[in-house]
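Structural description and commentary
Take a look at the letters that make up each chain.
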Amino acid sequence: MVAQGPVPFTWRRATCLGCGEVVRRARDEWIEMTGTRSGSWLMATETEAERSFADPLPVPPGEEVFQLGAVHRRCLRQAYVRLRAQQVVLPDSLPVVFVDEPPANESFPRLHLPPRRGECPFCSRNYVSMSEEDIYPLWLIRELQSRGAGTIRDGRWVARISLPTIPVCIDCNNTWMSTMEQDVKPQLISLFDNVTLVDRFNQVRLATWATKIALLLDAAGPNPLIPRGFGHDLRIRKQPHRGIWVWMATYSDVADVLPVHPWLILPPAGGDSDEVHAVCITFSVFRVAFQVLIPLVGGGPAELETFGNSVVQIWPPGPDDIDWPLPYFFDRESIVAFSRRIYDNRESVPLHVALTASVRQAPQ
Ligand SMILES: [Zn+2]
Ligand SMILES: [Zn+2]
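Keep in mind it's a predicted model, so treat the numbers as computed, not measured. (Residues numbered from 1 in each chain as written. Chains lettered and ligands numbered in written order. Predicted model: local features only at pLDDT ≥ 70, side-chain atom pairs only at ≥ 80, totals over all residues. Heavy atoms only, no water.)

1. Observations concerning the coordination of the zinc ion (ligand 2)
Here the zinc ion (ligand 2) is held by Cys120 (SG), Cys123 (SG), Cys169 (SG) and Cys172 (SG), and the distances to it run 2.3 to 2.4 Å. Coordination geometry of the zinc ion (ligand 2): the four donor atoms subtend angles of 102 to 113° at the metal centre, consistent with an arrangement described as tetrahedral. Read N to C, the donor residues that coordinate the zinc ion (ligand 2) are spaced as C-x2-C-x45-C-x2-C. A single burial state applies to Cys120 and to Cys123, both of which are buried. (Donors = N, O, S within 2.8 Å, 3.2 Å for Na, K, Ca; no water. Tetrahedral: all angles 85-135°; square planar, octahedral: opposite > 155°, others 65-115°. Buried < 20%, exposed > 50% of the residue type's maximum accessible area, 1.4 Å probe, protein only.)

Structure below.
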């Protein structure tokens, strides 16, 4: 089905067609609804990545289709019931949508493939302009610089932090992505400076942000592997996909504050497939290391080394608060062993790891 409206929906806040409460475009999980005023034909847009749900075509003769508004994901059923029963008071003027049967050779976006360069990693709204964005947000770079951080480039320490960039559409960038940055900022800064507890709510926030960064690092790299479906799902749900795993560790090394270590889990040797089984991206931001495991085939990791309880899972989130900092911290050398702790089905190489105990004291 091809639905064409005169303009893409550009709302910030809407009234939920289900519960009547406010829907915040940049923060909530929402679904847009299209249909006839009588409720005789309805469509829910992007209930899953690239998947919409519609009543059978054709639209009942003599009726026009409109952009009706938005609903919270949790209110979709209620909205259907209310729209069918004409219990929703709709505005007098609504944008008209033209609905066609799909052409026979319709090609669907390929969600199992990585985003192509120049394509938004989070949506396929190719009518929205793109802009080249920093993967690490500016607020983070300012925080690092105010703490005297730098990076190692060609074996030399430099005070300047070089920033990888990636094209992202301005709609994703200005709505849910910037909200995600504002939401995670106080929590990340607190982890930089404080002895603290990380509750389940903040574990989810950190894991969601870490997933966003990992997807961008992969997409910006020379050989992207992570399918676009994960990015689309992150935009729609504003949480990591349920197949993803995220861990957190303590990191400290002022000489390299933003190391990134990708690691590929390959099929067992001698198998008949050469498909990569999973992509594991370990990256640190100043005092915090994140590890994001994105499986490309089913299954999860076996029991993993936790380096003396110094690696904790944050997605799926656990029931317990995390006592921060963790007992030992990684530096730019030991982080390599952490980044390779998931067996890649190749010859195993023992890595010697020396960790330093974290100092647990309140800041001066
Ligand atoms: Zn609602
Ligand atoms: Zn986008």
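Anyway, onward from the coordinates.
2. Considerations on the packing of helix α3 (residues 170–193) against helix α4 (residues 200–220)
Closest axis-to-axis distance for the α3/α4 pair is 9 Å, and the angle between their directions is 120°. Judged by the angle between their axes, α3 and α4 are oblique. In the packing of α3 onto α4, the handedness of the crossing is left-handed. Facing α3, whose interface residues are Trp176, Met177, Met180, Glu181, Asp183, Val184, Gln187, Leu188 and Leu191, α4 presents Asn202, Arg205, Leu206, Thr208, Trp209, Lys212 and Leu216. When its residues are assigned to classes, the contact of α3 with α4 shows nine nonpolar, three polar and four charged. (Axes fitted to C-alpha atoms, helices over the stretch in contact; angles between N-to-C directions. Helix = DSSP H or I, 4+ residues; strand = E, 2+ residues; numbered from the N terminus. Parallel < 35°, antiparallel > 145°, perpendicular 65-115°, else oblique. Left-handed = near helix turned anticlockwise from the far one by under 90°. Contact = heavy atoms within 4.5 Å. Nonpolar A, V, L, I, M, F, W, Y, C, P; charged D, E, K, R; others polar.)

3. Thoughts on the coordination of the zinc ion (ligand 1)
Donor atoms from the polypeptide that coordinate the zinc ion (ligand 1) comprise Cys16 (SG), Cys19 (SG), His72 (ND1) and Cys75 (SG), at 2.0 to 2.4 Å from the metal. Relative to the metal, the four donor atoms surrounding the zinc ion (ligand 1) lie at angles of 104 to 115°, and the coordination shape comes out tetrahedral. If you list the donors of the zinc ion (ligand 1) from N- to C-terminus, the spacing comes out as C-x2-C-x52-H-x2-C. On the criterion of sequence distance, the pair formed by Cys16 in the loop between β2 (13–15) and β3 (22–24) and Cys75 in the loop between β7 (65–72) and α1 (76–84) is long-range, its members being 59 residues apart.

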